[in-house]
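Descriptive structure summary
So the chains spell out like this:
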Amino acid sequence: MNLPKDYQSKMQEMLGEEYLQYLDSFHYSYGQTLRVNQLKMEPADFIRRFLLSGQVSWCNTGFYYEGEQKLSAHPYYYAGVYYLQEPSAMAPAAFLPVEPGDRVLDLCAAPGGKSTALAAKLQGEGILISNDISASRCKPLLKNMEMAGVSNAVITCESPEKLADRFFGYFDKVLVDAPCSGEGMFRREPSMVKSWSLEEVNRYAELQREILSHAAQMVKPGGYLLYSTCTFAKEEDEQTVEYFLEQNADFSLQELPICDGIEEGRPEWTVSGREDVKNCRRFLPYKVRGEGHFAALFKKREETDCLDKVFEKADRKQIVKEQTISKEKIPDAMEDFMRDIPEWKQWKKRLFFIKERAFLLPEHCPDLRGLRIVRSGLYLGDCLKKRFEPSQALAMALHLSGYKKSISFPAEDIRVEKYLRGETVDMDDSELSGWTLFCVDEFPLGWGKCNRGRLKNKYNPGWRKL
Ligand SMILES: C[S@@+](CC[C@H](N)C(=O)[O-])C[C@H]1O[C@@H](n2cnc3c(N)ncnc32)[C@H](O)[C@@H]1O
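- Labelled according to an unreviewed UniProt entry, the chain appears under the name RsmB/NOP family class I SAM-dependent RNA methyltransferase, originating from Anaerobutyricum soehngenii.
- UniProt annotates the chain under Sequence similarities (unreviewed entry) with the comment "Belongs to the class I-like SAM-binding methyltransferase superfamily. RsmB/NOP family."

In structure tokens form, the structure reads like this:
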């Protein structure tokens, strides 16, 4: 590994005698790792089906995999049963105390590693706004959220500034998994080394401070803000935290869990030497089974004592209205299809149409007009002339029992592989007809249309296994 000279000197100065251990860590790995998606399966059930070498100690749904299979090729991966994630990257979502029913914002969300974890913690209750400023990165974000079966998220492609204007004091929990110089990923993605420079570190530190200042405005009194990076740079870690606390007296640092090699933040790496940064957590790859990461949890004071701010907040809070739902008549073909979904009656109260496309909004969805929206809630399908085409996203958000006509095959059945490749599949039951939910071990993979013992494949062509 060719590390830049400036980087080497900086790390040597920061790590002292431990620098050699850090260099050594480039020679070992811990294999494939995954996080079980609790929207689909409980970790206890997963453990019984896969050969695992241990649990990620800071994330109760994270595991080290010991078996031979390529996890990205297994049908459960396509069913969204797990998400492949580096262990240290599991910490931010695990550390943010999200409860079902919360309003949650993931401000720098793409490609969705943390958003899918936050959605699982919400268990379908409340709302998750997953945002990323990059339109191209919002595409994999959307796919990952759909694959995970998330039904209560809105995906936006906005600047933090614009969101802060709209959502002042709105969120219970906010995650800022910030763009950073990525030093903690050099082992896994050596290509990242090329773009590293001291100037870049400083540029990122500035950007992080700006993003955090907007994020802070969106946290409600008593709410939480989690800041994380995948870099070791003190300018982007302790010093960004220090700067934030100096600028935002209504926030304080909360102590994060410490276990299995995780380290405290370092007061000596701040400018002022402030002790409370010990509450932050550092993940060093020669001390934990994971990559380099940093996390800090802030809590906003319940009531701010600055009267100006109280008035300003009261004024601006009224702006967050609820999205009005569509009033148009539901087409008969859609009614006919949706009747086979037990929740349909409740869903009707939250329908939203954009031309022929039908969406299910999260409960109490805020007004989204004027924002760049990638996805508003769960995309249900298309109301075409006299027919309804259900979406891939709908299939992924259902359970086997969530649709009357479902068919399930074991993971080893060759028909599962055929289905994922987009082929027509022979059925055992020639009586089945029409739209059918195709599942692997009871986990939906997508739709098909049955006719005389054959299933015409309706799997999203862009998701096919190659
Ligand atoms: C570390 S990555 C996020 C990874 C993501 N949280 C995950 O777990 O999959 C940082 C993201 O911040 C986005 N970003 C960069 N500048 C931003 C800004 N000003 N506002 C919002 N997002 C930004 C980048 O496009 C990038 O996707």
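Don't stop here, the text continues.
1. Thoughts on the overall build of the chain
- A count of helices and strands for the chain gives 15 helices and 23 strands.
- Computed over its C-alpha atoms, the radius of gyration of the chain comes to 24 Å, within 12% of the 23 Å expected for a compact globule of 466 residues.
- Projecting the C-alpha coordinates of the chain onto the three principal axes gives extents of approximately 75 × 55 × 35 Å.
- Relative to its full complement of 466 residues, the chain shows a buried share of 44%.
- At a minimum sequence separation of 6, the contacts of the chain that also span at least 24 residues come to 72%.

2. As for the site of the ligand
- Within the structure, the ligand sits among 16 residues, and C108, G113, S134, D177 and P179 are positioned closest to it.
- Looking at the shell around the ligand residue by residue, the classes come out as nine nonpolar, three polar and four charged.

3. Concerning the sheet that holds strand β23 (residues 454-457)
- Reading across the sheet, the five strands line up as β19-β21-β22-β23-β20 and stay open at both edges, with mixed pairing between neighbours. The open sheet has two edge strands with one neighbour each: β19 (406-409) and β20 (425-426).

4. Quick word on the nonpolar core
- Formed by 126 residues in total, the largest nonpolar core has its most connected members in A119, V174, V176 and M218.
- Sorting elements by how many residues they give to this core places helix α9 (residues 198-218) first, with seven residues.
- When sequence neighbours within four positions are dropped, the list of residues in contact with A119 reads L39, L128, M145, A148, V150 and A153.

5. Structural notes on the sheet that holds strand β1 (residues 33-36)
- Taking strand neighbours across the sheet as the criterion, the four strands line up as β2-β3-β1-β4 in an open arrangement whose pairing is antiparallel. Two strands in the sheet have a free side with no partner beyond their single neighbour: β2 (52-55) and β4 (82-84). In this sheet, neighbouring strand axes are inclined to one another by 30° on average, regardless of whether the strands run parallel or antiparallel.
- Relative to strand β3 (residues 62-65), β1 runs antiparallel, the two being bridged by three bridges. Paired with L34 across the strands is F63, a residue of β3.

6. Let's talk about helix α7 (residues 135-147)
- Taking 1.5 Å of rise per residue, the 13 residues of α7 would be expected to cover 18 Å, and the 19 Å separating its terminal C-alpha atoms lies within 8% of that figure.
- Listed in full, the buried residues belonging to α7 are C138, L141, N144, M145, E146 and M147.
- Residues of α7 that are buried make contact with α6 (113-122), β6 (127-131), β7 (153-156), β16 (373-376) and α14 (392-397).
- Of the residues flanking the end of α7, it is G149, one or two places downstream, whose phi is positive at about 75°.

7. Description of the packing of α6 against α7
- Orientation of α6 relative to α7, taken along the N-to-C sense of each, is 30°, at an axis distance of 9 Å. The pairing of α6 with α7 is recorded here as roughly parallel in orientation. Relative to α7, the crossing made by α6 is right-handed. Between α6 and α7, the contacting residues are S115, T116 and A119 on the first element and L141, N144 and M145 on the second.
- Residues that form the contact of α6 with α7 fall into these classes: three nonpolar, three polar and no charged.

8. Regarding the environment of G80
- Topologically, G80 is positioned in the loop between α4 (75-78) and β4.
- A tally of 24 C-beta atoms within 10 Å means that G80 is categorised as buried.
- Sequence-distant contacts of G80, that is, excluding residues within four places in its chain, are made with N37, K40, M147, A148, G149 and M396.

9. Focus on unusual backbone geometry
- Note that the residue after A110, namely P111, is joined by a cis bond; omega there is 5°.
- Positive phi, close to 50°, is recorded for K355, a residue that is not glycine.
- With respect to the helices, strands and loops of the structure, K355 is situated in the loop between β14 (351-354) and β15 (357-360).
- Using a count of 7 C-beta atoms within 10 Å as the deciding quantity, one classes K355 as exposed.
- Its identity is not glycine, yet H364 carries a phi of approximately 50°, on the positive side.

10. So, the UniProt feature "active site" (unreviewed entry) in the chain
- Here the UniProt feature "active site" (unreviewed entry) sits at C230.
- Within the element layout of this structure, C230 appears in the loop between β9 (219-229) and α10 (238-247).
- Look at C230 and you get buried, because 27 C-beta atoms sit within 10 Å.
- If we ignore the near neighbours within four places in the chain, the residues touching C230 are A89, C180, G182, G184, M185, E291, G292 and H293.

11. Quick word on the packing of α9 against α10
- Where α9 meets α10, the axes come as close as 10 Å, and the angle between the chain directions of the two elements is 40°. α9 and α10 meet at a crossing whose hand is right-handed. Between α9 and α10, the residues in contact are A205, Q208, R209, L212 and S213 and Q239, T240, Y243, F244 and Q247, respectively.

12. Let's talk about the UniProt feature "domain: SAM-dependent MTase RsmB/NOP-type" (unreviewed entry) in the chain
- Taking the numbering used here, the UniProt-annotated feature "domain: SAM-dependent MTase RsmB/NOP-type" (unreviewed entry) corresponds to residues 1-301.
- Strand forms 21% of residues 1-301 and helix 31%; the C-alpha atoms that close the span are 45 Å apart.

Procedures and definitions
- Residues numbered from 1 in each chain as written.
- Predicted model: local features only at pLDDT ≥ 70, side-chain atom pairs only at ≥ 80, totals over all residues.
- UniProt positions renumbered as here; feature names shortened; annotations may be inferred.
- Helix = DSSP H or I, 4+ residues; strand = E, 2+ residues; numbered from the N terminus.
- Rg over C-alpha atoms; globule rule 2.2 N^0.38 Å.
- Buried ≥ 20, exposed ≤ 12 C-beta atoms within 10 Å, placed from the backbone.
- Contact = placed C-beta atoms within 7 Å.
- Near = placed C-beta within 6 Å.
- Nonpolar A, V, L, I, M, F, W, Y, C, P; charged D, E, K, R; others polar.
- Pairing = 2+ DSSP bridges.
- Core = buried A, V, L, I, M, F, W, Y, C linked by C-beta atoms within 7 Å.
- Axes fitted to C-alpha atoms, helices over the stretch in contact; angles between N-to-C directions.
- Expected span 1.5 Å × (residues − 1).
- Parallel < 35°, antiparallel > 145°, perpendicular 65-115°, else oblique.
- Left-handed = near helix turned anticlockwise from the far one by under 90°.

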